Amino acid sequence: MFVLLALPCHVLLLTACGDTERETPQVINGVIDLSAWDFSSGGNLDLKGEWKFIWMKDQADFADPAYDDSAWDALTVPGLWNGTTGSAFGFGWLRLRITNLTGTNLGLYLKSSCRSYTLYVNGVPFMENGTPGTDGASTIHKRLPLIETLPPLSGETVIAWKIANFADYIGGPAYPVRIGIVQRLEDEVWAERAVLLFVIGFILMMCVYHVILWLGRREDRASLCFALFCLMIAARMLIINNIPALLFPSVNLFELSSKAEFTVTVLAWFFIYTYFAKLFRQEFPKIIFRIQLGCTVFFLAVSTLTPTSIHSFFSLPLQIFLFTGCVVIMINIIRALIRKRPGAWLVLCGFLVFLLTVVNDLIFTNMPGITVSLTHCLLYTSPSPRDRTRSRMPSSA
């Protein structure tokens, strides 16, 4: 008898919370016309499209609504400036003109940018995360989602956005600025966080469940590894969604959060690989496990001993390592399926769902705007503790 634990609800929740298909205004050549947009009936709006952009130049009048930015280049928001500028490290200005903006009780919401910013509305500083300087010494990085209420506006509104990054291997406006009625912005954010906490709670329940399985049968190391994997995934979800920063807004947790995100990602991978290796011992060579262990120790040392400005450049090698490891796992599970190992087909189905979220996460991290951030989906099969005599796990078979 097998116990099937699945979390497909993230797809339903994502669909329910996502925007319905409708034609929305886009930023074209640094201008967006909102004459046809009603925030009361149409809802909140992401200011996506071609913002005006200038790289590594800084003048006080860049925030001035009257400044002529016609000679500036264009940068797609959301997106990264790495491909446009040839570098992640640096600073830049983006500008947007909003025409025919009408409505009351409007505000802006910005989840984050890579990695510090000041956003001006009609020449006045409006939102800020850290201090965007012109070099590493003058820049303070911070990552804190903000919602701010706009003052009464009439006529043309100009948003100027200075972003600086001297700490991460990606830079630029990874998330769009969202405009809408303040109460609706707050409701959307709280709904997203409620879904997040529900999913984290479910994953922690799976963690506790597998700890109980392991306590009842200590030779079942696979259950312990999966419990630790769930714990690392829950921690990573809290970190990447800035929950620690929201709990302690007066403390700059950027460096600590960056190190923690890198560390728990490495540990999560090691635990999930060990889980599959324990599950199908004969299909997973020991030499491959030793390589995985060595790489894990290396990446943990990089994260622990170096600042974000250095260890972030190991993120891409880490991603390649993880994706390659996923291919290795899939091949070995298929080998177990061919050899007719008990439960192999269920494990393969679960792993394919997990692989989907891994690939999506890699795309979302490196190419914002191409896809959406899916909540981690886990599909897992394990033997019922009441049916130990027919367990499919090699450790107790």
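The structure we're discussing is the one just above.
Residues numbered from 1 in each chain as written. Predicted model: local features only at pLDDT ≥ 70, side-chain atom pairs only at ≥ 80, totals over all residues. Heavy atoms only, no water.

**Student:** Quick question: what am I supposed to make of the packing of aromatic side chains here?
**Tutor:** Counted by the stated rule, this structure contains 28 aromatic pairs. Ring geometry for F262 versus F299: centroids 6.3 Å apart, planes at 55°, classification tilted. Residue F262 is found in helix α7 (residues 254-279), and its partner F299 is found in helix α8 (residues 286-305); the two are separated by 37 residues along the sequence. Assessed through its relative accessible area of 6%, F262 is described here as buried. Members of the aromatic cluster, connected to one another through ring pairs, are F262, W269, Y273, F284, F298, F299, F314 and F321. When the ring centre of F91 is taken as origin, the NZ or CZ atom of K162, which lies over that ring, is 5.5 Å away. For the cation-ring pair, R218 lies above W214, with the distance from its terminal atom to the ring centre recorded as 4.8 Å. (Phe/Tyr/Trp six-rings, centres within 6.5 Å; stacked < 30°, edge-to-face > 60°. Helix = DSSP H or I, 4+ residues; strand = E, 2+ residues; numbered from the N terminus. Buried < 20%, exposed > 50% of the residue type's maximum accessible area, 1.4 Å probe, protein only. Lys NZ or Arg CZ within 6 Å of the ring centre and 35° of its normal.)

**Student:** Looking at this structure, I do not really get unusual backbone geometry. What am I missing?
**Tutor:** For residues other than glycine, phi is negative in most cases, and the peptide bonds are mostly trans. In this model, V77 is joined to P78 through a cis peptide bond whose omega is 0°. By the secondary structure assignment, P78 is in the loop between β5 (73-77) and α3 (82-85). Even without being glycine, N29 reaches a positive phi, approximately 50°. In this structure, N29 sits in the loop between α1 (9-17) and β2 (31-33). Among the residues examined, N29 registers a relative accessible area of 45% and is labelled partly exposed. One non-glycine residue with positive phi stands out, namely N122, at about 55°. Looking at the element boundaries, N122 is found in the loop between β8 (116-121) and β9 (124-129). Overall, N122 belongs to the partly exposed group, its relative accessible area being 28%.

**Student:** Sorry, what's going on with the sheet that holds strand β12 (residues 178-181) here?
**Tutor:** Backbone hydrogen bonds are what pair the strands of a sheet, in a parallel or an antiparallel way. Strands sit in the order β3-β12-β7-β10 across an open sheet of 4 strands; the sheet is antiparallel. With partners counted over all chains shown, the strands left at the sheet margins are β3 (45-46) and β10 (146-149), one partner each. In this structure, β3 lies alongside β12, joined through 2 bridges in antiparallel fashion. Among the inter-strand pairings, L45 is bridged to a residue of β12, identified as I179. The sheet contacts of helix α4 (residues 182-216) involve β7 (106-110), β10 and β12, and relative to β12 the element is tilted by about 115°. (Pairing = 2+ DSSP bridges. Contact = heavy atoms within 4.5 Å. Axes fitted to C-alpha atoms, helices over the stretch in contact; angles between N-to-C directions.)

**Student:** Just to check I follow, could you spell out the environment of G30 for this structure?
**Tutor:** Its place among the elements puts G30 in the loop between α1 and β2. The exposure class assigned to G30 is buried, which follows from its relative accessible area of 3%. It is 6.5 Å that separates the C-alpha atoms of G30 and R95, two residues lying 65 residues apart in sequence.

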